[in-house]
Amino acid sequence: MQGCAARGHYPSLARRPAESAYGSGATAPQPAPAPAPSAASPALLARLATLRDSAAKAHRDFETLRPAGERAAAQAAGAAPGAENWSVAQGALAALDSARSSLLLPLADLDTMLVEASKAAVDGPDADLKAVRKVRDEVDGWLADENRSLDSLRGRVRG
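Predicted, not measured: the structure shown is a model, and the values here were computed from it.

A few words on the overall build of the protein chain. Of the regular secondary structure elements, the protein chain holds 4 helices and 0 strands. In sequence order, the secondary structure elements of the protein chain are arranged as α-α-α-α. Counting all 159 residues of the protein chain, 27% fall into the buried class. Residue pairs at least 24 apart in sequence account for 79% of intrachain contacts in the protein chain once pairs closer than 6 positions are excluded. Accessible area of the protein chain: about 10700 Å², with a carbon and sulfur share of 58%.

Structure representation (structure tokens):
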């Protein structure tokens, strides 16, 4: 029986290009390298620098007022509400609250920028998001420090 040979046309037994590449040690073509990460836009970086500077100034103001607040709280510890030491401590705590409020303004802008950058990063590069998140996290850390300090001082004045 010569079933296949009788038809006359059969596939070539010559080496195919894929077989040559496989047997010769040649490597398959490599995919194109991923594009380099893009940098955050200069306008965004300038805005972030302005907001960070504003937040840093507010934090420095808070840190400048903190020793007076600590002294006033120490002197008011155990004082009855309305006593002179208690009133002085309340004034010092109010000054610290005011300085902390100055930090909240740039933080609110950073929160808005974080939302916008997050939306943009869904379909595009995330360099802006990373830049905003870095500054926002730093400012948020300052706020957390200030909140801990105020909570501690308020606890001493009440006690």
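Picking up after the structure, the text goes on.
Residues Leu 44, Leu 48, Leu 103, Val 132 and Val 139 are the most contacted members of the largest nonpolar core, which totals 21 residues. Every element with two or more residues in this core is listed here: helix 2 (42-76), helix 3 (84-123) and helix 4 (127-158). Beyond its immediate stretch of four places on either side in the chain, Leu 48 contacts Leu 110, Met 113, Ala 131, Val 132 and Val 135.

A word on helix 2. The end-to-end C-alpha distance of helix 2, which contains 35 residues, comes to 50 Å, matching closely the 51 Å that a straight helix rising 1.5 Å per residue would cover. A maximum bend of about 35° is found in helix 2 at Arg 66, where proline Pro 67 lies one to four positions downstream. Immediately beyond the C-terminal end of helix 2, within one or two residues, lies Gly 78, with a positive phi of roughly 80°.

In total, this model carries 12 salt bridges according to the counting rule given. With its nearest N and O atoms 2.9 Å apart, the salt bridge here joins Asp 61 to Lys 57. Placement of both Asp 61 and Lys 57 in helix 2 is noted, with a separation of 4 residues, approximately one turn of the helix. Beyond isolated ion pairs, a larger network of salt bridges with shared partners links Glu 63, Arg 66, Asp 145 and Arg 148.

The contact between helix 2 and helix 4 brings their axes to 10 Å, and the two run at 10°. What the angle tells us is that helix 2 and helix 4 run roughly parallel. Looking at the contact of helix 2 with helix 4 residue by residue, the class counts come to 17 nonpolar, 3 polar and 9 charged.

Our next topic: the side chain of His 59. Mapped onto the secondary structure, His 59 falls in helix 2. Setting aside residues up to four positions removed in sequence, His 59 forms contacts with Trp 142, Asp 145 and Glu 146.

Cut-offs and rules
- Residues numbered from 1 in each chain as written.
- Predicted model: local features only at pLDDT ≥ 70, side-chain atom pairs only at ≥ 80, totals over all residues.
- Heavy atoms only, no water.
- Helix = DSSP H or I, 4+ residues; strand = E, 2+ residues; numbered from the N terminus.
- Buried < 20%, exposed > 50% of the residue type's maximum accessible area, 1.4 Å probe, protein only.
- Contact = heavy atoms within 4.5 Å.
- Areas by Shrake-Rupley, 256 points an atom, 1.4 Å probe, with all protein chains shown as cover.
- Core = buried A, V, L, I, M, F, W, Y, C linked by side-chain atoms within 4.5 Å.
- Expected span 1.5 Å × (residues − 1).
- Bend = angle between axes of the 7 residues up to and from the residue.
- Salt bridge = Lys/Arg side-chain N within 4 Å of Asp/Glu carboxyl O.
- Axes fitted to C-alpha atoms, helices over the stretch in contact; angles between N-to-C directions.
- Parallel < 35°, antiparallel > 145°, perpendicular 65-115°, else oblique.
- Nonpolar A, V, L, I, M, F, W, Y, C, P; charged D, E, K, R; others polar.

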